[in-house]
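# Working through the structure, step by step
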Amino acid sequence: MPRYIVERTFDSGLHIPVDQAGAETCLAVVGRNAEEGVTWIHSYVTSDKSKTFCVYDAPTPEAVRRTAERNALPVDRISEVSVLDPYFYR
């Protein structure tokens, strides 16, 4: 399954509460993603919460775009990536 980094910009910042409501929001995203075979692995969020870099396993970039639209999430760029492990060269 290909892996992708999805870059997003949130002009007003990303605000997901760290409580039950936030957990339910994230689980709803996971559920909608599953409908397209898209798996959200994890995300990195900038300190000002204006950008995220999200790691996904998905069949195609188009599947990632469709789930982003269903989840009302912006997409700046989708890049297919592979792992570069610094210990690989030992």
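Right, let's walk through the structure included here.

Conventions we followed
Residues numbered from 1 in each chain as written. Predicted model: local features only at pLDDT ≥ 70, side-chain atom pairs only at ≥ 80, totals over all residues. Heavy atoms only, no water. Buried < 20%, exposed > 50% of the residue type's maximum accessible area, 1.4 Å probe, protein only. Helix = DSSP H or I, 4+ residues; strand = E, 2+ residues; numbered from the N terminus. Arc of directions from axis to C-beta. Contact = heavy atoms within 4.5 Å. 1 Å grid on protein atoms, 1.4 Å probe; cavity = no way out; pocket = protein on both sides within 12 Å on 5 of 7 lines; lining within 4 Å. Points joined across faces, edges and corners; volume = space filled by probe spheres on them. Nonpolar A, V, L, I, M, F, W, Y, C, P; charged D, E, K, R; others polar. Pairing = 2+ DSSP bridges. Salt bridge = Lys/Arg side-chain N within 4 Å of Asp/Glu carboxyl O.

## Thoughts on helix H2 (residues 61-70)
Within H2, the full set of buried residues consists of Ala63, Val64, Thr67 and Ala68. Angularly, the buried residues of H2 cover 135 degrees about the axis, an arc narrow enough to put them on a single face. In this fold, the buried residues of H2 make contact with strand E1 (3-9), helix H1 (20-34) and strand E4 (77-81). Looking one or two residues beyond H2, the residue adopting positive phi is alanine 72, at roughly 55 degrees.

## Here's the deal with empty space enclosed by the protein
Empty space among the atoms becomes apparent when a probe as large as a water molecule is rolled across them. All told, the structure shown has 1 cavity of 30 Å³ or more when counted by the stated rule. As a volume, the largest cavity reaches approximately 40 Å³. Residue lining of the largest cavity: Arg8, Val29, Asn33, Tyr56, Val64, Thr67, Ala68, Asn71 and Leu73, and that is the complete set. No other element matches the 3 residues that H2 contributes to the lining of the largest cavity. Here the residues of the lining of the largest cavity sort into 5 nonpolar, 3 polar and 1 charged.

## Quick word on the pairing of E1
One ladder, built from 7 bridges, connects E1 with strand E3 (residues 51-57); its direction is antiparallel. Residue pairing in the sheet places arginine 8 in a bridge with threonine 52 of E3. Here E1 runs beside E4; their pairing, made up of 5 bridges, is antiparallel. In the sheet register, glutamate 7 faces E4, and the bridge partner there is arginine 77.

## Here we look at the side chain of glutamate 36
Tracing the sequence through the fold places glutamate 36 in the loop between H1 and strand E2 (39-45). Setting aside residues up to four positions removed in sequence, glutamate 36 forms contacts with Pro59, Ala63, Arg66, Thr67 and Arg70.

## Brief notes about the pattern of salt bridges
Under the definition given, this model contains 5 salt bridges. A salt bridge links aspartate 57 to arginine 3; its shortest N-O distance comes to 2.7 Å. Placement of the pair is aspartate 57 in strand E3 and arginine 3 in strand E1, with a sequence separation of 54 residues. A relative accessible area of 18% means that aspartate 57 is categorised as buried.

## Observations concerning unusual backbone geometry
In this structure, lysine 49 is a non-glycine residue whose phi angle is positive, near 60 degrees. Structurally, the position occupied by lysine 49 is in the loop between E2 and E3. You will see that alanine 72, though not glycine, has its phi angle at about 55 degrees, which is positive. Inspection of the secondary structure assignment puts alanine 72 in the loop between H2 and E4. Looking at alanine 72, the relative accessible area reads 68%, which means it is exposed.

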